[in-house]
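Below are the chains, spelled out letter by letter.
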Amino acid sequence: MLVSVYRYNPETDDAPYMQDIHIDIPGGKDIMVLDLLHLLKEKDTSLGYRRSCREGVCGSDGMNMNGKNGLACITPLSAVVVDDKLVIRPLPGLPVIRDVVVDMSQFYKQYEKIKPFLINDTPAPTMERLQSPAERAELDGLYECILCACCTTACPSFWWNPDKFIGPSGLLQAYRFLADSRDTATHERLSELDDPFSVFRCHGIMNCVSVCPKGLNPTKAIGKIRNMLLQQAT
Amino acid sequence: MVTSITSFGRSGLYDWMVQRVTAVVLLAYTIFMIGYLLFNSDMDYMQWKSLFECTSMRIFTLLALLSMAAHAWIGLWSVTTDYIKPTGLRFVVQSGCGLLTFIYVVWGIQILWSV
């Protein structure tokens, strides 16, 4: 098959370019894209990409495969290859450090803004803050986010305003803490989000939902934040 | 929090709500107009004139006109903040949009009350 990989080494290249590599998959197996990258690296050791757990848990190997963001380690070739060709690019909208390795600083800055930790101003109990099973269930579909940035970098609103729009991943996490029965900073959290950019730049096109490798729904979480803002203000 | 002094209500929630409410008004006006034209396919000038001479129709039309102005401003403000990054140019384009919207509103009122 033919693999076209985005290559850029700022120390030696003036501009990024696409490198076409023909490769035979051993035994014609339906391997993961990450395994394919390993095969490519055996051919050309200068190829750079991030990976760690290789099982969709760490969120390191988010990249754009034939136009769709996803985790290379849990994306089989059969799911993305079209006409025996695969185009691999870095996540869109973030500065490229090298090849498919991107600088995630802007993504983390937005994540930091939503204060991704429990805030509780009541005295700590002796053992732990308890939740009922129903309260705990509110966090399902929110806590599973691994911050791979596939959703946020698939969002045009983030592409145009990466410094102002929190992005789907950050907003999913914002709702994760707004929905937590143990968190008492709901009012302060909502006040920080009530501007024309942070939440409201989302136009609900649901690119985030279609690419999330964990099957989460940031658009739904954003809708719930809007409802909370509306309830607080009316 | 991101601050912005050029947005309609300076609050994301307020702009969002205004855009939703005005959308409902515009939908109601569009449905009414389409319905009226369908049920009066043989309409003449006098009937069209008498429709707009009615105070309730003037109120409804003015409401739709103001809704369109607010809706368009919020929408165009979003588009300009997305695509026009140089502040000076964006301010000029936004001012142009604002001026044009104001002209359309005044012109619309003038037309409406000249019937």
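Note that the coordinates shown come from a computational prediction; the quantities given were computed from them, not determined experimentally.

Residues and elements named next belong to chain A. For chain A, the domain assignment lists domain 1 (2-102) and domain 2 (104-233). Across the boundary between the two partners, domain 1 contributes 15 residues, which contact 15 residues of domain 2. For the side of domain 1 that touches domain 2, the element with the most residues is strand S4 (residues 68-71), which contributes four residues. Partitioned by chemical class, the residues of the side of domain 1 that touches domain 2 number eight nonpolar, six polar and one charged.

As a further point, take the UniProt feature "transmembrane region" (unreviewed entry) in chain B. Per the UniProt record, "transmembrane region" (unreviewed entry) is found at residues 21-39, 59-79 and 91-113 of chain B. Between the end C-alpha atoms of residues 59-79 of chain B there is a gap of 30 Å, over a span that is 100% helix and 0% strand.

Let us now look at the pairing of S4(A). Residues and elements named next belong to chain A. Judged from the four bridges that link them, strand S3 (residues 62-65) and S4 form a sheet pairing that is antiparallel. By the bridge assignment for S4, Asn64 is matched with Asn69. Joining the antiparallel neighbours S3 and S4 is a turn of two residues, in which Asn66 adopts a positive phi near 45 degrees.

Residue and element names in this part refer to chain A. Direction of pairing for strand S1 (residues 2-7) relative to strand S5 (residues 85-89): parallel, over a ladder of four bridges. Residue Ser4 lies in a different strand from S5, and its bridge partner there is Val87. In this sheet, S5 lies alongside S3 in antiparallel orientation, the contact comprising two bridges. Bridged to Met65 within S5 is Ile88.

Looking now at the environment of His187(A). In this fold, His187(A) is placed in helix H7 (residues 186-193). When the C-alpha positions of His187(A) and Leu172(A) are compared, they lie 17 Å apart, and in sequence the two are 15 residues distant.

Now for the confidence of the model for chain A. Per-chain confidence: chain A averages 96 in pLDDT, with 100% of residues scoring 70 or above. For chain A, the element scoring lowest by mean pLDDT is H7(A), at 94; strand S7 (residues 101-102) of chain A scores highest, at 98.

Residue and element names in this part refer to chain B. Between helix H3 (residues 55-83) and helix H4 (residues 87-114), the shortest axis-to-axis distance is 10 Å and the interhelical angle comes to 170 degrees. One finds that H3 runs roughly antiparallel with respect to H4. Two secondary-structure elements touch here, H3 through Arg58, Thr61, Leu62, Leu65, Leu66, Ala69, Ala72, Trp73, Leu76, Trp77, Thr80 and Thr81 and H4 through Arg90, Val93, Gln94, Cys97, Gly98, Thr101, Tyr104, Val105, Gly108, Ile109 and Leu112. For the contact of H3 with H4, a count of residues per class yields 14 nonpolar, seven polar and two charged.

Chain A puts 14 residues into the contact, and the matching count from chain B is twelve residues. In terms of residue count, helix H9 (residues 218-233) of chain A provides more of the side of chain A that touches chain B than any other element does, three residues in total. The residue inventory of the side of chain A that touches chain B, partitioned by class, reads eight nonpolar, two polar and four charged.

Here we come to the sheet that holds S5(A). Residues and elements named next belong to chain A. Spatial ordering of the open sheet is given by S2-S1-S5-S3-S4, a layout of five strands whose pairing is mixed. Of all strands in the sheet, those with a lone pairing partner are strand S2 (17-22) and S4, marking the two edges. Each strand axis lies, on average, 30 degrees off the axis of its neighbour in the sheet, ignoring direction. Sheet topology places S1 next to S2; six bridges connect them, and they run antiparallel. Each residue of the ladder has a partner; that of Arg7, found in S2, is Tyr17. Strand contacts of helix H1 (residues 33-43): S1, S2 and S3, with the helix running at about 80 degrees to S1, the strand carrying the most contacts.

Rules behind the numbers
- Counting restarts for each chain: residues are numbered from 1 in the order of the written sequence.
- As they are written, the chains are lettered A onward and the ligands numbered 1 onward, keeping that order.
- Predicted model: local features are reported for residues with pLDDT of at least 70 only, side-chain atom pairs are reported and counted for 80 or more only, and whole-chain, interface and lining totals are derived from all residues.
- An automatic or database domain assignment supplies the residue ranges for each domain.
- Contacts are defined on C-beta atoms placed from the backbone: any two residues whose C-beta positions lie within 7 Å are in contact.
- Each helix is a run of DSSP H or I of at least 4 residues and each strand a run of E of at least 2, with the numbering of both proceeding from the N terminus.
- Under the grouping applied here, Gly and all other residues not named as nonpolar or charged are polar, the nonpolar ones being Ala, Val, Leu, Ile, Met, Phe, Trp, Tyr, Cys and Pro and the charged ones Asp, Glu, Lys and Arg.
- UniProt positions are given in the numbering used here, feature names are shortened, and annotations may be inferred rather than shown by experiment.
- Pairing between strands is defined by DSSP: at least two bridges between the two strands are required.
- Each residue carries a pLDDT score, the predictor's confidence in it, ranging from 0 to 100.
- Lines fitted to C-alpha atoms define the axes, with helix axes restricted to the stretch in contact, and inter-axis angles between N-to-C directions lie between 0 and 180 degrees.
- Should an angle fall under 35 degrees it is taken as roughly parallel, and over 145 as roughly antiparallel, whereas 65 to 115 is taken as roughly perpendicular and any remaining angle as oblique.

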